[in-house]
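# Structural characterization, general
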Amino acid sequence: MTYSMSVSVDGFVEGPDGDFSWPGLSDEVFDIALREIRDVGVHLMGRRLYETMLYWDTVDIDTLPAPRREWVTRWNALPKVVFSTTLSNVQGNTRLASGGLADEIERLRSEPDEGDIAIGGATLAAEAAALRLIDEYYVRVFPVLVGGGLPFFARDGQRRDLELLETRSFESGVAYLRYAVRR
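Below you will find a few notes about this structure.

### Brief notes about the pattern of salt bridges
One pass over the structure, following the stated rule, counts 16 salt bridges. With a closest N to O distance of 2.5 Å, Asp 156 and Arg 160 form a salt bridge. For Glu 166, the salt bridge goes to Arg 178, with nearest N and O atoms at 3.7 Å. Remark: Arg 178 occurs in strand S10 (residues 175-181) and Glu 166 occurs in strand S9 (residues 162-169); sequence separation between them is 12 residues. Taking relative accessible area as the criterion, Glu 166 reaches 17% and is therefore assigned buried. Under the relative-accessibility criterion, Arg 178 is labelled partly exposed at 22%. Put simply, Arg 35, Glu 136, Glu 166 and Arg 178 are held in one network by salt bridges that share partners.

Pasting the structure below:
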């Protein structure tokens, strides 16, 4: 399973005010997200990320540059599973999880391989990390210090050794890091 999100240099996916509109999102950086989504078969997320991502269901894709149009088309077609105790229904190609995270991932892994299982949302990813279910971390580090907020990495006291698989830097100041968890 992969965990991919944008993060500030000081390690947060959103600042203390909930903002995540950071400098450096160029088309070149966006291509990383496009490359990642091409390999995903199902995406798991919590309620907050689900509600944020609903924007893409209504965006006028004709107004977007070509790579973003492709990303939106793939995102909207992608099966998604939302973990929430407060939502009673979801829309689009999305369903509510019927069990716990570990059970849902075990079930998805037992199905025929249709692509990677991806997880988004720092809170849900922290739960997956604590269960040692994340295989790779995809980190887009944006050139901003936000001073606090929601951390990218789980703060669970467990050590995880990682192997650097890929690194890229962009003129916009963004750095991309891809790590595998060493088992």
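### Examining helix H6 (residues 122-130)
If you check which residues of H6 are buried, you get Ala 122, Leu 124, Ala 125, Ala 128 and Ala 129. The arc that holds every buried residue of H6, seen down its axis, measures 160 degrees, which confines them to one face. Backbone geometry just downstream of H6 places Arg 132 in the positive-phi region, at approximately 60 degrees.

### Section: the pairing of S10
Judged from the 6 bridges that link them, strand S7 (residues 136-142) and S10 form a sheet pairing that is antiparallel. The partner of Glu 136 across the bridge, within S10, is Ala 180. Note that S9 and S10 share 7 bridges and pair antiparallel. In the sheet register, Thr 167 faces S10, and the bridge partner there is Leu 177. Where S9 hands over to S10, the hairpin turn is made up of 5 residues, of which Gly 173 adopts a positive phi near 100 degrees.

### A short note on the sheet that holds S9
Read across the sheet, 8 strands follow the order S5-S4-S3-S6-S1-S7-S10-S9 without closing on themselves; strand pairing throughout is mixed. Only two strands of the sheet have a single neighbouring strand rather than two, namely strand S5 (94-96) and S9. Pairs of neighbouring strands in the sheet enclose a mean axial angle of 20 degrees, with direction left out of account. Note: strand S3 (residues 40-46) against strand S6 (residues 116-120), 5 bridges, orientation parallel. Directly across from Leu 44, in S6, lies its bridge partner Ile 119.

### Digging into the nonpolar core
In this structure, Met 1, Tyr 3, Leu 44 and Ile 119 are the most contacted members of the largest nonpolar core, which totals 26 residues. Elements with a minimum of two residues in this core: strand S1 (2-8), S3, strand S4 (80-83), helix H5 (101-110), S6, H6 and S7. What Ile 119 contacts, discounting residues up to four positions off in sequence, is Met 1, Thr 2, Tyr 3, Ser 4, His 43, Leu 44, Leu 101, Leu 124, Ala 125 and Ala 128. Ranked by size, the runner-up nonpolar core spans 19 residues in total, among them Leu 34, Ile 37, Leu 64 and Val 72.

So, how was this worked out
Residues numbered from 1 in each chain as written. Predicted model: local features only at pLDDT ≥ 70, side-chain atom pairs only at ≥ 80, totals over all residues. Heavy atoms only, no water. Salt bridge = Lys/Arg side-chain N within 4 Å of Asp/Glu carboxyl O. Helix = DSSP H or I, 4+ residues; strand = E, 2+ residues; numbered from the N terminus. Buried < 20%, exposed > 50% of the residue type's maximum accessible area, 1.4 Å probe, protein only. Arc of directions from axis to C-beta. Pairing = 2+ DSSP bridges. Axes fitted to C-alpha atoms, helices over the stretch in contact; angles between N-to-C directions. Core = buried A, V, L, I, M, F, W, Y, C linked by side-chain atoms within 4.5 Å. Contact = heavy atoms within 4.5 Å.

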